[in-house]
Amino acid sequence: VALKFEGDFRFDNSIFFYGLLPPIIYHAGASTSKTRLWKNLGSILTFAVVGTFVSTIVVGGCLSLLMSVGAVRSSTFGTALSAAEAARVQTFLPAPAPPAPPQSPNAQKKSDLGILECFMYGSLVSATDPVSTLAVFSSLGAHPMVHS
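Counting of residues starts from 1 at the beginning of each chain's written sequence and follows it residue by residue. Note on the predicted model: pLDDT of at least 70 is required for a residue's local features to be given, and 80 or more for side-chain atom pairs to be given and counted; whole-chain, interface and lining totals, by contrast, use all residues. Side-chain calculation: all heavy atoms of the structure are included, whereas hydrogens and water are not.

### Observations regarding the overall build of the protein
Note the following rule: Secondary structure follows DSSP: runs of H or I at least 4 residues long count as helices, runs of E at least 2 residues long count as strands, and numbering of each begins at the N terminus. Per-residue accessibility, obtained with a 1.4 Å probe over protein chains only, is compared with the maximum for each type, and a residue is labelled buried under 20%, exposed over 50%, and partly exposed between these values. Residues are treated as being in contact if the distance between any of their heavy atoms lies within 4.5 Å. Accessibility throughout is a Shrake-Rupley quantity obtained with a 1.4 Å probe, and a residue counts as covered only by protein chains that appear here.
Helix and strand content of the protein: seven helices and zero strands. Its helices and strands taken in sequence order, the protein reads α-α-α-α-α-α-α from the N to the C terminus. Here the protein holds 148 residues, and the buried ones make up 7% of them. Considering only intrachain contacts with a sequence separation of at least 6, the fraction spanning at least 24 residues in the protein is 72%. Accessible surface, the protein as shown: approximately 12600 Å² in total, 68% of it carbon and sulfur.

### Overview of helix α1 (residues 13-30)
As a reminder of what qualifies: What a helix is expected to span follows from its residue count: subtract one and scale by 1.5 Å. To get the bend at a given residue, fit one axis to the seven residues ending there, fit another to the seven starting there, and take the angle between those axes.
Helix length check: α1 (18 residues) gives 25 Å between terminal C-alpha atoms against 26 Å at 1.5 Å per residue, within 8%. Where α1 bends most, at Leu-21, the angle is about 40°, and the proline Pro-22 comes one to four residues later.

### Observations concerning the side chain of Thr-56
With respect to the element layout, Thr-56 can be found in helix α3 (residues 41-68). For Thr-56, a relative accessible area of 11% puts it in the buried group. Apart from the residues lying within four places of it in its own chain, the contact partners of Thr-56 are Gly-61, Phe-119, Gly-122, Ser-123 and Ser-126.

### Some points on helix α5 (residues 115-126)
Compared with an ideal rise of 1.5 Å per residue, which puts 12 residues at 16 Å, α5 spans 16 Å between its outermost C-alpha atoms and is within 8% of the ideal. Those residues of α5 that are buried are in contact with α3.

### With respect to the packing of α3 against α5
Spelled out, the test is: Axis definition: a line fitted to C-alpha atoms, limited for helices to the stretch in contact. Angles are taken between N-to-C directions and run from 0 to 180 degrees. Between 65 and 115 degrees an angle is taken as roughly perpendicular, under 35 as roughly parallel, over 145 as roughly antiparallel, and anywhere else as oblique. By definition, turning the near helix anticlockwise from the far helix through less than a right angle yields a left-handed crossing, and turning it clockwise yields a right-handed one. Three classes are used, and their members are as follows: Ala, Val, Leu, Ile, Met, Phe, Trp, Tyr, Cys and Pro are nonpolar, Asp, Glu, Lys and Arg are charged, and the others, Gly among them, are polar.
At a minimum axis distance of 7 Å, the contact between α3 and α5 shows a crossing angle of 135°. The angle between α3 and α5 places the two elements in the oblique class. Like other packed secondary-structure pairs, α3 and α5 cross with a definite hand, here right-handed. Of α5, the residues touching α3 (which contributes Thr-52, Ser-55, Thr-56, Ile-57, Val-59, Gly-60, Gly-61, Leu-63, Ser-64 and Met-67) are Ile-115, Cys-118, Phe-119, Tyr-121, Gly-122, Ser-123, Val-125 and Ser-126. Of the residues contributing to the contact of α3 with α5, the split by class is nine nonpolar, nine polar and no charged.

Laid out in structure tokens, this is it:
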């Protein structure tokens, strides 16, 4: 028996957040060894906080540097929003700033994003998927002290 799907298939994010994610989080918490967790809590928090901070600084600094030399533009990050989604997002954003005064031809070109936005992007990508790192450690047979 063959299944035939017609039309677009759309995965609603509420299915993921309310149906699939809670059991995953529950299983991760229920299967964690409490004694090893409490025994290694200091090193876990050190790696989590210091590692995320260092990664944020490196990613944000490199992005800022690349933007200042013109290797990366903010348009490179582009969006995949439809016109309706973009209009909905615009309603939450502050009004645009007035246009800047004209610059002299000798003025240095300013990067598209400021340093703050670069570090905000760095913090976002630095803390997104430590679970995959733990899965790789586990599959490679790393010592439990490294990934528990």
